[in-house]
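Results of the structural survey
Each chain, letter by letter, is given below.
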Amino acid sequence: MTTPTQIPSQIKDPGLAPQGKKQIEWAERDMPVLKQIRERFAKEKPLANVRLVACCHVTKETANLAIALKAGGADAMLIASNPLSTQDDVAASLVADYGISVYAWKGEDVATYTEHVNIALDHKPQMIIDDGADVVVTLAKERPGQIADLIGSTEETTTGLVRLRAMERDGRLAWPAIAVNDAQTKHFFDNRYGTGQSTMDGIIRATNILLAGRTTVIVGYGWCGRGVAMRAKGLGADVIVTEINPVRAIEAVLDGFRVMPLMDAAPLGDVFVTVTGNRHVIDKAHFERMKDGAIVCNSGHFDLELNLDALAKMATGREQIRTFMEQFALPNGNRVMVLGEGRLINLAAAEGHPASVMDMSFANQALAAEYLVKNKGKLSNAVHLLPPELDQEIAALKLKAMGVKIDTLTAEMQTYMNSWEIGT
């Protein structure tokens, strides 16, 4: 699937570029913060000549990030972070209209994905924007000789940060990494409102079912789980939450949801959504207890949240029912429906998060890349938070773009907040 172009790339169909350009421009209208950053980058060139690899979902929103990074002077390459999340028309437009190398197409297999990760590392990146940490883990395990070239990396996901922090604990993180996912203007909004809406969108597109009145089980009550539960409840679903964290479980109870172990929820649920970042949270024993027609999907980063190998082995038959729905017949006569091959349902069957929320997430990515360059050689080999002042800057720019004004502290208030001597 190599494209007939001078820009090195592998995409599905260069002929899709005109439609992709329209999609990129449509998303840009709802990304005013990233647009302002891009315009500044174009003048200041803070990423001049930095070889940069971005492993992300290749969507119209990500395209606007890639364009901003190139405007900042980066020698940027984009690969897919998930086999089913690429928007092929967007990939084609990035190559044809913006001169950015893209190695991605919707439906690529694992071997191709691995090949693209290695092509990205052949670029000898000085900076890696990762979504799940696959690129940096491959670098650490298979190409340690290239680590010396690395200024740093950024990570978009909870799953990726789990891996990076494990690397740090094991003494294997040999570069500074920015936890973009942990910025307030990322996880408060992208993970909650973005994942909440886009997950429901993906489930509905894949099934065309009515959520109202159905028992929907949300596995995990982190920021993504909160968002999915909130949106499912808004659509009229009877929501059950399962958790391992007692604080989050209490929060779910006080938010009005039933909370119970997943084994107890398994026979009750009509729809199951995993959002944990962990492995095999829905396993063989859970599948065995599900009712006939139960729908199972994942909105965490990797498909391994569902033990699909165990499901396939226990199934007496499997059949593709709809484009993004596969039916597994079980020995007890019940059928389990798996959506989007167990991959991110919001990107497999829908279009991912709306541009307005990715505006803040990708503003964080752009500013994190700039921050790494400005602080080259000054940061320890650890996972770092993006400085709070950059988080505040993004929030302020977003409010301004939305036409929302807020109060500021008076001199008297500032004095009071910084004094220990003034009492009540």
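One open sheet accounts for eight strands, arranged E9-E8-E7-E10-E11-E14-E13-E12; its pairing is mixed. Every other strand in the sheet has two partners, leaving strand E9 (258-259) and strand E12 (317-322) as the edge strands with one partner each. Bridging between strand E13 (residues 325-329) and strand E14 (residues 335-339) involves five bridges; their strand directions are antiparallel. In the sheet register, Met325 faces E14, and the bridge partner there is Leu339. On top of the sheet, helix H9 (residues 223-234) reaches strand E7 (215-219), strand E8 (238-242) and strand E10 (271-274); it is set at about 170 degrees to E7, its chief contact.

With that settled, consider the sheet that holds strand E3 (residues 101-103). Strands sit in the order E3-E2-E1-E4-E5-E6-E15 across an open sheet of seven strands; the sheet is parallel. Two strands lie at the open edges of the sheet, namely E3 and strand E15 (383-384), each paired on one side alone.

It is worth spelling out the pattern of salt bridges at this point. Throughout the structure, instances matching the rule amount to 23 salt bridges. Between Lys12 and Asp88 there is a salt bridge, and its shortest N-O distance comes to 3.6 Å. Highlighted residues: Lys12 in the segment before helix H1 (17-28) and Asp88 in helix H4 (residues 88-98), separated in sequence by 76 residues. Take Lys12: its relative accessible area is 39%, and that puts it in the partly exposed class. Because the salt bridges share partners, they merge into one network encompassing Lys60, Glu61, Asp201, Arg205 and Glu351.

For the rest of this paragraph, the subject is the pairing of strand E2 (residues 75-80). Most of E2 is tucked away: five of the six residues are buried. Bridge count between strand E1 (residues 51-56) and E2: six bridges; the pairing is parallel. Bridged to Arg51 within E2 is Asp75. A crossover links E1 with its parallel partner E2, the connecting element being helix H3 (residues 60-71), and its sense is right-handed.

Parameters at a glance
Residue numbers here run from 1 along each chain, matching the order of that chain's written sequence. Note on the predicted model: pLDDT of at least 70 is required for a residue's local features to be given, and 80 or more for side-chain atom pairs to be given and counted; whole-chain, interface and lining totals, by contrast, use all residues. Only hydrogens and water are removed before side-chain values are computed, so all heavy atoms of the structure are retained for them. Pairing between strands is defined by DSSP: at least two bridges between them are needed. Each helix is a run of DSSP H or I of at least 4 residues and each strand a run of E of at least 2, with the numbering of both proceeding from the N terminus. Contacts are assigned to residue pairs that have any heavy atoms within 4.5 Å of one another. In this analysis an axis means a line fitted to C-alpha atoms, helices contributing only their contacting stretch, and an angle means the value between N-to-C directions, from 0 to 180 degrees. Any carboxyl oxygen of Asp or Glu within 4 Å of a side-chain nitrogen of Lys or Arg constitutes a salt bridge here. Any residue under 20% of the maximum accessible area for its type is buried, any over 50% is exposed, and the rest in between are partly exposed; the area is computed with a 1.4 Å probe on protein chains only. Crossover handedness is defined by viewing with both strands directed away from the observer: a clockwise path from the first strand over the helix to the second marks the crossover as right-handed.

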